Amino acid sequence: ITDDVCELLSIKMIGLVETTQAALKISSCFGTSVNSTIIKTLMSASPLLQTFQEELDKVVDDGFMDTDDLGSTYKFVHDKVREAAYGLIPEGDRNRFHYDIGMLLYNTIDGESIDGILFIMVDQINHGTSYLSGKQRITMAELNHRAASKAVGNSNFAAAFFYSNAAMKLLPANHWESHYDLSRMIFLVLGNAARSYGRIAEATSALDEILKHGKLLKDKLDAYYLKIALLHTHQELKKSFDTCVEVLIQLGETIPATVDREVFVKRAENVLAKLNVMTENDMKTMKSPFHMSLLQFYNRGCFTSYFVQLPMMKWFACRMVEISLEHGFSKYSALGLMWFTMILAGDLIYDVHAGYRVGKIALKLLKRFDANDLLPNAYLIYYSYPAVHIEPIQSCAAMLKRGFEIALSTGDTQIALVSGVQYMQKSLLSGANLLVLKKECDYQMRLVETHFQSMAKMYVLAFQETISMLITREVLSNSTLLDQSKELEFSQAIIFHNVIQNFWLGRWERCLYYAKRSSAPSDIGQLKSIMIIFYGGLSCFQISRKGASKKSKLPKQAIALMKEKGEQSSWNYQSKIYLLEAEILSSLLENDRAKFFYNSAISAARSSKFIHEEGLACEFSALHCLKFGDKKEACILLGQARECYMTWGSQVKVDSVSRLLEKCSG
């Protein structure tokens with residue numbers, strides 16, 4: 001509809017009788033449509049509006065609006081028609097017009113039914129807050145707070161921010177003295193909504209207000225919790241950790257400055273011994289709100305200390321389980337058990353099966369307490385650490401993605417984005433299609449930029465670069481992976497990506513260079529460390545195949561580690577064991593036995609749906625055949641490898657194998 005047509009519509013509307021014009025004006029204030037609940041409420045609100053629906057029917061007859069068969073919703077036939085109807089209200093009168101409609105709704109509808117039109121009603125009233133008197137301002141502040149809380153429950157954090165901000169502005173100057181509880185609730189919802197909506201300055205300001213004016217520690221705990229999370233999100237990790245420790249000390253806990261390894265191991269073993277003889281039925285429900293608060297802050301402490309003081313993460317996790325064993329179990333106890341599984345997947349008490357069992361108990365506890373809000377946190381720990389050593393890596397990736405989606409829907413962007421990074425890592429290692437993974441990665445980059453999460457951005461950027469290089473060998477123009485700060489230069493994340501990139505691009509010496517700079521065995525419980533050793537070990541054989549002599553312990557370390565992991569999950573590791581065995585036999589010139597293990601590696605990778613590793617086993621088997629002069633078999637295997645790499649989505653590997661196949665065929 002053109003502007004000329006819109007003007008004609010306005011002229012036609014002006015010619016309507018006053019009551020029909022009024023129906024158009026009122027309807028236009030609700031947007032493009034108005035529903036039956038609003039219509040019935042307005043009809044009962046004033047004698048002047050008793051014929052409101054009849055007038056709407058006339059509007060339908062005139063062609064300005066449509067309605068469904070039941071007459072439950074009336075909708076403008078076009079946005080321009082609605083614009084023309086709204087134009088019937090003089091611009092200077094519009095705020096008052098909206099306000100009057102909102103107050104009619106508020107004064108008419110009863111308390112039980114108000115939730116059905118809460119957002120619509122508050123939106124109308126908020127147009128005219130300048131018309132509110134002193135007492136009315138407090139009433140409407142409460143109403144906006146109610147709308148904000150409902151919006152948070154619906155995961156609509158933009159709306160929650162709008163309503164809580166409106167509520168704050170309606171409070172009097174001395175609100176902390178005159179309306180303390182209401183002020184605390186409004187600022188808390190504002191801080192939470194602003195954090196989830198990416199409005200960091202507003203979130204910080206709201207939470208600081210509570211911490212400044214809160215009378216008692218218990219009144220400030222929720223604000224402290226959100227502030228700690230906010231600091232972590234924006235990479236103020238040390239400050240986040242120190243604030244968490246400060247709160248725990250205020251709650252009466254004694255936090256050590258350092259953790260004595262031997263003393264802690266005995267303590268953790270004692271906790272594990274108690275857990276080993278417990279069943280879920282033995283885990284009585286925690287009754288104390290105080291101890292629930294303790295667990296909340298210890299959980300946040302675990303998350304933050306993982307990045308800044310790993311020994312303290314283990315201490316916090318152990319303490320969470322100790323509190324639960326003594327005072328009963330809650331939904332936060334389940335997270336304590338999850339964190340404890342990370343101790344069991346590390347070097348202190350290496351017992352993956354115990355960790356897996358404890359993790360299963362934790363998941364059952366979450367179900368028992370109907371704690372769906374904590375599932376993303378639990379999934380992040382469980383499927384990144386204990387489960388990934390036992391369950392198929394594809395299943396773990398799927399659950400991490402599920403956790404990412406739940407966390408995003410509930411506004412926990414921090415857990416969502418960390419889950420997203422773990423999901424991408426597991427997906428990449430499982431041979432997920434690279435083109436699909438690239439789209440997922442691009443989506444996550446948009447999220448981290450929207451929410452200003454600088455730490456998460458660095459990790460997502462690393463995946464963007466790696467995936468891009470595996471697809472087309474292209475290095476991203478905005479990538480800073482190799483130019484990170486000195487403290488990150490040889491972190492496991494950077495090493496992991498350099499190993500992956502250089503291995504699949506055939507830069508064997510560079511791959512080995514980075515693999516040798518991997519962390520000590522204390523980090524061996526992490527999947528990325530395991531895979532670094534695997535790829536480093538394979539690189540040694542490729543270097544030897546080219547005639548270069550490079551002594552390294554990595555091949556022996558790799559085969560020993562894969563066999564150890566294979567006892568826990570043949571699905572994830574059997575193809576890797578076969579491939580390493582085949583490479584060893586090939587280097588010893590044992591032709592027939594090497595072929596047997598190459599074929600076993602191909603079959604095992606296919607069975608476990610590791611398409612990239614199936615292609616790799618075919619490619620290496622072809623190289624072995626060429627060593628023994630069997631070009632015919634080599635060509636067949638290279639053709640199979642190319643098909644696998646095409647399915648994987650790596651044009652780089654397709655081109656590389658195609659060149660080798662052409663050379664072999666000629």
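Residues numbered from 1 in each chain as written. Predicted model: local features only at pLDDT ≥ 70, side-chain atom pairs only at ≥ 80, totals over all residues. Heavy atoms only, no water.

Remarks on the packing of aromatic side chains
- Tallying each qualifying case throughout the model produces 31 aromatic pairs.
- For the pair Tyr99 and Tyr131, a centre-to-centre distance of 5.5 Å together with 45° between the ring planes defines the contact as tilted. Within this pair, whereas Tyr99 is found in helix α6 (residues 94-108), its partner Tyr131 is found in the loop between α7 (118-125) and α8 (134-153), the two being separated by 32 residues in sequence.
- Between the aromatic rings of Phe162 and Tyr163, the centroid separation amounts to 5.5 Å while the plane-to-plane angle is 75°, which identifies the pairing as edge-to-face.
- What makes Phe162 partly exposed here is its relative accessible area of 45%.
- Residue class for Tyr163 comes out buried when judged on its relative accessible area of 4%.
- One aromatic cluster in this structure is built from Phe503, Trp504, Trp508, Phe534, Tyr535, Phe620, Tyr645 and Trp648. (Phe/Tyr/Trp six-rings, centres within 6.5 Å; stacked < 30°, edge-to-face > 60°. Helix = DSSP H or I, 4+ residues; strand = E, 2+ residues; numbered from the N terminus. Buried < 20%, exposed > 50% of the residue type's maximum accessible area, 1.4 Å probe, protein only.)

Quick look at the environment of Thr254
- With respect to the secondary-structure elements, Thr254 resides in the loop between α14 (237-250) and α15 (261-276).
- Classification of Thr254 by relative accessible area gives exposed; the value is 66%.
- Sequence-wise, Thr254 and Ser384 are 130 residues apart; in three dimensions their C-alpha atoms are separated by 30 Å.

Examining the sheet that holds strand β3 (residues 73-76)
- The strand order across the open sheet formed by three strands is β1-β3-β2, and the pairing between neighbours is antiparallel. Two strands in the sheet have a free side with no partner beyond their single neighbour: β1 (33-35) and β2 (65-67). For this sheet, the mean angle separating the axes of adjacent strands, direction not counted, is 20°.
- Across three bridges, β2 lies against β3 in antiparallel orientation. Bridge pairing links Thr67 to Tyr74 in β3.
- The strands touched by helix α3 (residues 36-45) within the sheet are β1 and β3, with β1 carrying the most contacts at an inclination of about 70°. (Pairing = 2+ DSSP bridges. Axes fitted to C-alpha atoms, helices over the stretch in contact; angles between N-to-C directions. Contact = heavy atoms within 4.5 Å.)

Quick look at the nonpolar core
- In this structure, Phe316, Phe340 and Tyr535 are the most contacted members of the largest nonpolar core, which totals 222 residues.
- Counting residues per element, this core draws most heavily on helix α27 (residues 527-545), at 11 residues.
- Other than its neighbours up to four places away in sequence, Phe340 contacts Ala268, Val271, Leu272, Leu275, Ala317, Cys318 and Val321. (Core = buried A, V, L, I, M, F, W, Y, C linked by side-chain atoms within 4.5 Å.)

Thoughts on the layout of surface pockets
- Taken as a whole, the second largest pocket encloses approximately 740 Å³ of empty space.
- If you trace the second largest pocket, you find 30 residues lining it, with Asn192, Arg195, Tyr225, Leu226 and Asp373 closest to the centre.
- At six residues, the largest contribution of residues to the lining of the second largest pocket is made by helix α11 (residues 180-197).
- For the lining of the second largest pocket, the class distribution of residues is 13 nonpolar, 11 polar and six charged. (1 Å grid on protein atoms, 1.4 Å probe; cavity = no way out; pocket = protein on both sides within 12 Å on 5 of 7 lines; lining within 4 Å. Points joined across faces, edges and corners; volume = space filled by probe spheres on them. Nonpolar A, V, L, I, M, F, W, Y, C, P; charged D, E, K, R; others polar.)

Thoughts on a negative patch on the surface
- Together, Glu54, Asp57, Asp61 and Asp62 make up a region of like negative charge exposed at the surface.
- Note on placement: Asp62 falls in the loop between α4 (52-61) and β2. (Patch = residues over 30% accessible without salt bridge, like charges linked within 9 Å, V, L, I, M, F, W, Y side chains within 5 Å. Areas by Shrake-Rupley, 256 points an atom, 1.4 Å probe, with all protein chains shown as cover. Salt bridge = Lys/Arg side-chain N within 4 Å of Asp/Glu carboxyl O. Lys, Arg positive; Asp, Glu negative; His and termini not counted. Charge placed at Lys NZ, Arg CZ, Asp CG, Glu CD.)

Quick word on empty space enclosed by the protein
- All chains considered together, the criterion is met by two cavities of 30 Å³ or more.
- Taken as a whole, the largest cavity encloses approximately 70 Å³ of empty space.
- Along its surface, the largest cavity is lined by Val388, Ile393, Leu429, Leu527, Met531, Asn572, Tyr573, Lys576 and Phe610.
- Within the residue set of the lining of the largest cavity, elements represented by two or more residues are α27 and α29 (570-587).
- For the lining of the largest cavity, the element with the most residues is α29, which contributes three residues.
- Residues that form the lining of the largest cavity fall into these classes: seven nonpolar, one polar and one charged.
- Looking at the second largest cavity, its volume works out to about 40 Å³.
- Every residue lining the second largest cavity is listed: Ser384, Tyr385, Gln422, Gln425, Lys426, Gln526, Leu527 and Lys528.
- It is helix α22 (residues 413-429) that contributes the most residues to the lining of the second largest cavity, three residues altogether.
- Of the residues in the lining of the second largest cavity, the class split is two nonpolar, four polar and two charged.

Describing the pattern of salt bridges
- In this structure the tally under the stated criterion is 22 salt bridges.
- A salt bridge links Lys401 to Glu440, with the nearest nitrogen and oxygen atoms 3.7 Å apart. Residue Lys401 is located in helix α21 (residues 393-409), and its partner Glu440 is located in helix α23 (residues 434-450); the two are separated by 39 residues in the primary sequence.
- On the basis of relative accessible area, Lys401 is assigned to the partly exposed category, the value being 27%.
- By relative accessible area, Glu440 is classed as buried at 13%.

Structural notes on the confidence of the model for the protein
- This prediction gives the protein a mean pLDDT of 90; 94% of its residues lie at or above 70.
- Mean pLDDT per element in the protein: helix α1 (residues 3-14) is the minimum at 75, and helix α30 (residues 591-607) is the maximum at 97. (pLDDT = per-residue confidence, 0-100.)

Overview of unusual backbone geometry
- The backbone of Ser155 shows a phi angle near 60°, a positive value even though the residue is not glycine.
- Position of Ser155 relative to the elements: it lies in the loop between α8 and α9 (157-170).
- Even without being a glycine, Lys609 presents a positive backbone phi close to 65°.
- For Lys609, the position within the fold is in the loop between α30 and α31 (611-627).

Section: the packing of helix α20 (residues 375-384) against α22
- Contact pair α20 / α22: the axes reach a minimum separation of 10 Å and the direction vectors enclose 30°. Put simply, α20 runs roughly parallel to α22. In this structure, the crossing between α20 and α22 has a hand that is left-handed. Seen from α20, the contacting residues are Pro376, Asn377, Leu380, Tyr383 and Ser384; seen from α22, they are Ile415, Val418, Ser419, Gln422 and Lys426.
- Each residue belonging to the contact of α20 with α22 can be placed in one class, and the counts come to five nonpolar, four polar and one charged. (Parallel < 35°, antiparallel > 145°, perpendicular 65-115°, else oblique. Left-handed = near helix turned anticlockwise from the far one by under 90°.)

Some remarks on the packing of helix α13 (residues 217-233) against α14
- Where α13 meets α14, the axes come as close as 8 Å, and the angle between the chain directions of the two elements is 160°. One finds that α13 runs roughly antiparallel with respect to α14. Judged by the sense of rotation from one axis to the other, the crossing of α13 with α14 is left-handed. For the pair α13 and α14, contact is made by Leu217, Leu221, Tyr224, Ile228, Leu231 and His232 and by Leu237, Lys239, Ser240, Thr243, Cys244, Glu246, Val247 and Gln250, respectively.
- Along the lines of polarity and charge, the residues of the contact of α13 with α14 split into eight nonpolar, four polar and two charged.

A short note on α14
- With 14 residues, α14 extends 20 Å between its outermost C-alpha atoms, agreeing within 8% with the 20 Å of an ideal straight helix rising 1.5 Å per residue.
- Within α14, the full set of buried residues consists of Leu237, Ser240, Phe241, Thr243, Cys244, Val245, Val247 and Leu248.
- Residues of α14 that are buried sit in contact with α13, α16 (289-308), α17 (310-327) and α24 (454-472).
- Within two residues after α14, Gly252 carries a phi angle of roughly 100°, on the positive side. (Expected span 1.5 Å × (residues − 1).)

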